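In case you want the letters, here they are:
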Amino acid sequence: DYCFIEDKPKELNEKSTKKETDLYKKWHRSNRMAKNLNRTSMSKTVRGSIEEPELASDFLEHIGAKFKESERAEAARLTKEFHDLKYTGSGGVREHIMKMININGRLRELLMGVRDEQVVHYALHSLPNSFSHLRTSYNSQKGNWTLDELISICVDEESRIKEEKEPATTINLIEKPKRKKPQNKLKPTKAITKSSTAAVAKENRPFRFKCYFCKRV
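Residues numbered from 1 in each chain as written. Predicted model: local features only at pLDDT ≥ 70, side-chain atom pairs only at ≥ 80, totals over all residues. Heavy atoms only, no water.

Novice: Quick rundown of helix α8 (residues 132-140)? Include the residues and the values.
Specialist: Buried residues of α8: L134, R135 and Y138, and no others. Viewed along the axis of α8, the buried residues span an arc of 100 degrees, placing them on a single side of the element. Turned more than 90 degrees from where α8 packs its buried face, H133, T136 and S140 sit exposed. As for α8, its buried residues are in contact with α7 (116-125) and α9 (147-165). (Buried < 20%, exposed > 50% of the residue type's maximum accessible area, 1.4 Å probe, protein only. Helix = DSSP H or I, 4+ residues; strand = E, 2+ residues; numbered from the N terminus. Arc of directions from axis to C-beta. Contact = heavy atoms within 4.5 Å.)

Novice: Describe a nonpolar patch on the surface, and please don't skip the residues or the numbers.
Specialist: Side chains of F4, I5 and L60 sit close together on the surface and give an oily, nonpolar patch of about 280 Å² of accessible area. Along the chain, the position of F4 falls in helix α1 (residues 2-5). (Patch = residues over 30% accessible without salt bridge, like charges linked within 9 Å, V, L, I, M, F, W, Y side chains within 5 Å. Areas by Shrake-Rupley, 256 points an atom, 1.4 Å probe, with all protein chains shown as cover. Salt bridge = Lys/Arg side-chain N within 4 Å of Asp/Glu carboxyl O.)

Novice: Go over the packing of aromatic side chains with me, naming the residues and quoting the values.
Specialist: Summed over the entire model, instances satisfying the criterion amount to 3 aromatic pairs. Taken together, a centroid distance of 6.4 Å and an interplanar angle of 75 degrees make the contact between Y87 and F131 edge-to-face. Linking Y87 in the loop between α5 (71-84) and α6 (93-109) with F131 in the loop between α7 and α8, this pair joins segments that are 44 residues apart in sequence. For the pair formed by Y87 and F131, the shared burial category is buried. (Phe/Tyr/Trp six-rings, centres within 6.5 Å; stacked < 30°, edge-to-face > 60°.)

Novice: Give me the lowdown on the packing of α7 against α9, citing residues and values where you can.
Specialist: A packed helix pair is summarised by two numbers, namely the angle formed by the two axes and the spacing between the axes. Taken N-terminus to C-terminus, the directions of α7 and α9 make an angle of 20 degrees; their axes are 10 Å apart at the nearest point. Here α7 lies roughly parallel to α9, going by the angle between them. Note on packing geometry: the crossing formed by α7 with α9 is right-handed. When α7 is examined against α9, the residues D116, V119, V120, A123 and L124 are found in contact with a partner set consisting of L147, L150 and C154. (Axes fitted to C-alpha atoms, helices over the stretch in contact; angles between N-to-C directions. Parallel < 35°, antiparallel > 145°, perpendicular 65-115°, else oblique. Left-handed = near helix turned anticlockwise from the far one by under 90°.)

Novice: Give me the lowdown on the nonpolar core, citing residues and values where you can.
Specialist: By size, the foremost hydrophobic cluster in this structure holds 24 residues, and its most contacted members are V93, V120, L124, L127, W145, L150 and C154. Listed by contribution, the elements that provide at least two residues to this core are α5, α6, α7, α8 and α9. A per-element tally of this core places α9 first, with 6 residues. In this structure L124 touches L134, R135, Y138, W145, L150 and C154, once residues within four positions along its chain are discounted. In terms of nonpolar packing, the next biggest core, distinct from the first, is built from 5 residues, M42, V46, I50 and F59 among them. (Core = buried A, V, L, I, M, F, W, Y, C linked by side-chain atoms within 4.5 Å.)

Novice: Run through the packing of α7 against α8, naming residues and quoting values.
Specialist: At a closest axis distance of 9 Å, the pairing of α7 and α8 adopts a crossing angle of 150 degrees. By the criterion of interaxial angle, the relationship of α7 to α8 is roughly antiparallel. Listed contacts from α8 to E117, V120, L124 and H125 of α7 are L134, R135 and Y138. The residue inventory of the contact of α7 with α8, partitioned by class, reads 4 nonpolar, 1 polar and 2 charged. (Nonpolar A, V, L, I, M, F, W, Y, C, P; charged D, E, K, R; others polar.)

Novice: Residues and numbers for the side chain of E157, please.
Specialist: Among the structural elements, E157 can be located in helix α9. Judged by its relative accessible area of 8%, E157 is buried. Look past the residues within four positions of E157 in its chain and what remains in contact with it is S130, F131 and L134.

Novice: Go over the pattern of salt bridges with me, naming the residues and quoting the values.
Specialist: All chains considered together, the criterion is met by 7 salt bridges. Here R160 and E164 are joined by a salt bridge, their closest N and O atoms 2.5 Å apart. Remark: E164 and R160 occur in helix α9; sequence separation between them is 4 residues, near one turn of the helix. Overall, the relative accessible area of 57% leaves E164 in the exposed class.

If you want it as structure tokens, here you go:
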């Protein structure tokens, strides 16, 4: 990276010293190596769309120009992302707030960012209704929270909410069902009905004579 750190040396002449000659060779050798590295690390499509310049620094500028996004378009995209960002519970509230701070930092580079107090306000209103107690507490105070204080307070509040949602441990006692006696399928079962019982009793009854006229036995 010597060619990126030091400016291009002057061309050599008859009055150039040995030190100037060595620096000249060192710089041009670094420039050739940097260009070769850039050429081999990019795809064929990108390499074919860029005319290779003499200096490696110009090479990087030409590549950046191909992928440079309009500042207005980038500012509009980041502003929309900043205002639409809502905490859904994934990743943790710390990462959510740090993401908002990062987006606002990129907007500040484009002279479109807001103050830290406004970031605190937007971050609190991007949290779900379970953090409503936190918003009420902040609005009732006279002082403002810093971004570090906001992260610490929100993390503690998230831990408290998770502890309240954890279900209590319960034990369900289940009575062990009684085992039924296995039936012997080989033993036939005889169904005894009322009619068959009366027939058996009639057969076992002793025989008696009955008078034809008086009907007495």
